Each structure stands twice: as structure tokens, then as C-alpha cells.
Amino acid sequence: MVTPLPRFRARAFRGAARGAPAKIPLAVRRTWQQPMLVAAADSEPAVPTHFLCPISLDMMRDPVTAPTGITYDRESVEGWLERGHATCPVTGRPLRLEELVPNHATRRVIQEWCVANRGLGVERVPTPRVPVSAFDASELLEAVCAAARRGDGPRCRELVARARALGKESERNRRCFVSASAARALSSTYCHLAGQRVVPATALEEILAAMVVFLPLDEESRRHIASPAALESVVSILSHSEPLARVSAVVVLREIASSSDRQCLEAMAKTTGIYAALVKLLEKPVSPQATKAALVTAYYLVMHTELAASRLVDLGAVRLVLELLVDADKGATEKALALLDSLLLTCKGRDEAYAQALAVPVIVKKMQHVSDMATEFAVSALWRLCKNSPAEGDGCKAEALQVGAFQKLLLLLQVGCEGATRERASELLRILNGSRDGAECIDTLDFKALKRPF
């Protein structure tokens, strides 16, 4: 058993950690949800000093010992090394991640102490799982690929589920799989199985779920999924599978689309059913993550080809995005405004927006209320509507004045904005100035009352 750190040395190290946070960025005391570490009931037992990690100053849950003889909690010392340090925090000697050895003796002593003090509210520290090694990750991924080559869908699904579970178990495991090119192996497997068309959908859904755990996708992985057979399979899952599988499918599509890879975007744009599947996620959301991923995917498709904008507008995307904006959080608002602004690049998109009672009020409402990015897209969207409105569409300008657009634009220029946003805000003020006579400003609106029945 490793000799524990003496009491006086532990106190000195704590003081050094507090006095030198630049050297010990992890020396911040965390609050565990355990009665023994919560401040101060008289009956609480004092945690023995040699049970405390020298970095976190919390009781160790998975003690590991460095070659220098110092024992740390695994999470703390691995975090220290991941931040770019290559030395033992206590001794300053060189230290590598693979040199850490589990200290089973100290862990058992800590567990025995917890059991002995259970009557005082101390919870037993669970036995940690053995981390995955780089060899283990590579071996498991090779077995996945081998099962796919044999066309053994059930076995492939079983192995992929094991890899996904290990990856979700800890960030360290996830990094091991990422380093072993998990995304590339899984995307290749998906492409191979999707081309066979006889593999159960559950196997393909499991692979997509695992790919989400091991993001990001490199170029080769994206090209695998962007093959015609693989994309058709992903869109089929996005359209017809259970909610969790649909979330995985749209997140993978988002990763491919947001790479701005022209070849991948071209393949996605030509895939049957992709626009209807994305709009369905906006109309009947399954999760906030899926909604945001659908918005991002649609945005990059629209920016790639006008055909995408036309198809999405025909499917009711403008109305759905406007309704989504009423109650959206910051992330969803930014993405929805980006998509709306891109749809308004087309005449068909603007015509649809003119027909929606929510369009101008909700766009103006989002100016300066969310973020600089949201303001930028909101100003751009309003500029497109007002600048390109038909001669008989002066009602759009009057409506913008009524909901306070002129005052918000003035304030925006006073506060400060740059580039295209400043130019468009200035042009909007000139456009709206001619319609100011007789316009009444409305401070508050009931957006839900403005929704038109579908």
C-alpha cells in the first residue's frame, strides 16, 4: 500500500493550491451530494486526510497512483493532464496518462471506512469500472467491422451497443474510441449494411446512436453517410422510427450538412423525403436537440441550393419557423432566424411571409432581446421583407412601424453594430421613415392571437 500523504503536507499543498490557482487550476473544492461532505453537523465524521485527492481536496472515488508515489483521484489527475500539463502536480516530475496505476488497496480502505460510518450518513464509494484502453477500443471496432462484412446484423448491433455504452460511461472512454477512429468505423459499417437492404432497422438505428456519442465526423465518415443508399436509410429512420432514433438521425445529418461539404450537400439535397422529414420535426417536435438539428440542417441545404428553399416553403416551413420563434430559447431562436432569413432570399419565401400575420411582429420582437447573432438575422430578415415588398405591400412597412421597429433600429445604431447589420439597419430606417406619418407604435402584442389556423 502506498504511504499516504502526511497531514502537514496535505495542509501545505492545499494552501499552495489556493495561493497559486494558475498552477493548480483544478484545486477547487467541489460539493458532493453526500452528508459527510456537506457542512457541518456535529455527528459528521472527519474524512481522513489521506483519503483526500491532493488536487480536488475531495475524498477519492477512484484512486490512482503516479510513479512519483502520489495518489490522486483519477478524474482530477486525468483532467490535470488533459489541460496540457505533463508533470505530477505535487512533485513536478514528468507524468504521462498511461503511467497511472489503480490503487486498489487505498480504494478498499476508503470503502471500508465508508461502510463503518454508514450509520452517520456516509455513503459507500462504488467500485469504479475499469477504463477502456486504446487497444480495447480498436479491438471492439474491428469486431464491429468484421460482423458487418459477414452481414451479421444482430451481432453487429450487439457490438455497437457495447461500444456506445462504454463511450457514454466516461469521457475518458469516449476519447479512447474517438482516437481509434470510431466515427469512421461506424459510418463505414452503416454504409455497408444500408447497401444490403436486408439488415434490421434496429441495427442501423444503433449505429446512428453510437455515431452521435463519438462525434465529430471526419471527411471520410461524412462521405460514407452521404452515399445514396446510406442517406435514404437515414431519412427513412428520420421519418418513421421511434423518437430516440429520429434524434440520432437528424443529429448525424446536421453534422454532415454543417461541414459545408458541397458533395455531401448535393447528395442530401437530392435525397427523396429529406425536406418532408425535416419539416415534420418542426411541426411535431420530439426534443429540443432534434428541433435545433433540423433547423441547422435545413439552413445549410437552403444556402446550398434554391431548390431546397422552394421545397421547404411549399411544405410550410415559413409558418412553422415563425410559430417556433414565439416561445423558442436562445439557441433555437438564433437557428430559426437564420433559417427564416435564408428562406426570405427567395420570392416564394417572402410571399409566404407576407401572408403570415406573425412575420413582422415576431421578427421585430426578437431584435436585441436574444443575442447579437439573433439581432443580426432579425434585421436581415426584416430588411428583406421591407426592401422587396411589392408596391401594394406597404402594409408590411406600416406594420413594422406599429410594432416599434423604427425605435429599435435607432437604438441599435446608437448602441453600436457593424458591417452588413449596420448598413441594413440604416437602410431600413430610410425605408420606414417615409411611412412614419400616422403610424402608431404598439409595445406589446399577443403573438398567439396572431397565429392563423393551419
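Remember, predicted model here, so these are calculated numbers, not experimental data. Within each chain, residues carry numbers counting from 1 in the order of the written sequence. Per-residue local features of the predicted model are confined to residues with pLDDT of at least 70, and side-chain atom pairs are confined, for both listing and counting, to 80 or more; whole-chain, interface and lining totals are unaffected and use all residues. Note: side-chain values were computed over all heavy atoms of the structure, leaving out hydrogens and water.

(A) Just the overall build of the protein, in detail. When helices and strands are counted, the protein shows 24 helices and three strands. Note on exposure labels: buried denotes an accessible area under 20% of the residue type's maximum, exposed denotes more than 50%, and partly exposed covers the range between, all computed with a 1.4 Å probe on protein chains only. Among the 454 residues that make up the protein, the fraction classed as buried is 49%. Using a 1.4 Å probe, the Shrake-Rupley method yields the accessible areas, and only the shown protein chains count as cover for residues. When the accessible surface of the protein is split by element, carbon and sulfur atoms take 52% of a total near 21,900 Å². Secondary structure elements follow DSSP: runs of H or I of four or more residues count as helices, runs of E of two or more count as strands, with numbering from the N terminus.

(B) Structural context of the packing of helix H11 (residues 243-257) against helix H14 (residues 288-304). Angular values range over 0 to 180 degrees, each being the angle between N-to-C directions of two axes fitted as lines to C-alpha atoms, with helices fitted over their stretch in contact. Packing of H11 against H14 brings their axes to within 8 Å, and their N-to-C directions diverge by 35 degrees. Taken as a pair, H11 and H14 cross one another with a handedness that is left-handed. Of the residues in H14, those touching H11 at Val247, Val250, Val251, Leu253, Arg254 and Ala257 are Gln289, Ala290, Ala293, Ala294, Val296, Thr297 and Tyr300. Crossing chirality is assigned from the near helix's rotation relative to the far helix, an anticlockwise turn below a right angle marking it left-handed and a clockwise turn marking it right-handed. Contact between two residues is taken to exist if any of their heavy atoms lie within 4.5 Å; hydrogens are not considered.

(C) Structural context of the environment of Asp136. Turning to its location among the elements, Asp136 is positioned in helix H4 (residues 134-149). C-alpha of Asp136 to C-alpha of Phe177: the two residues are 41 residues apart in sequence and 8.9 Å apart in space.

(D) The arrangement of the packing of aromatic side chains in detail. In summary, the pairing rule links any two rings of Phe, Tyr or Trp, Trp by its six-membered ring, whose centres are within 6.5 Å, and it sorts them by plane angle into stacked for under 30 degrees, edge-to-face for over 60 and tilted for everything else. A full pass over the atoms with the stated rule returns three aromatic pairs. Between Tyr299 and Tyr300, the ring centres sit 5.2 Å apart and the planes meet at 80 degrees, which makes this aromatic pair edge-to-face.

(E) How the structure looks around helix H13 (residues 274-283). Counted residue by residue, H13 has seven buried out of ten residues, so it is predominantly covered. Within the span of H13, buried status applies to Ile274, Tyr275, Ala277, Leu278, Val279, Leu281 and Leu282. Looking at the buried positions of H13, the neighbouring elements they touch are helix H10 (228-240), H11, helix H12 (262-269), H14, helix H15 (306-314) and helix H16 (317-327).

(F) Main features of the pattern of salt bridges. The rule for a salt bridge is simple: a side-chain nitrogen of Lys or Arg has to be within 4 Å of a carboxyl oxygen of Asp or Glu. The full count for this structure, using the stated rule, is 22 salt bridges. Note that Glu158 and Arg155 form a salt bridge whose closest N and O atoms lie 3.0 Å from each other. Separated by three residues within a single helix, Glu158 and Arg155 lie in helix H5 (residues 153-169), roughly one turn from each other. Accessibility expressed as a relative area gives 42% for Glu158, which makes it partly exposed. Through salt bridges with shared partners, a single network forms among Asp62, Arg74, Glu78 and Arg172.

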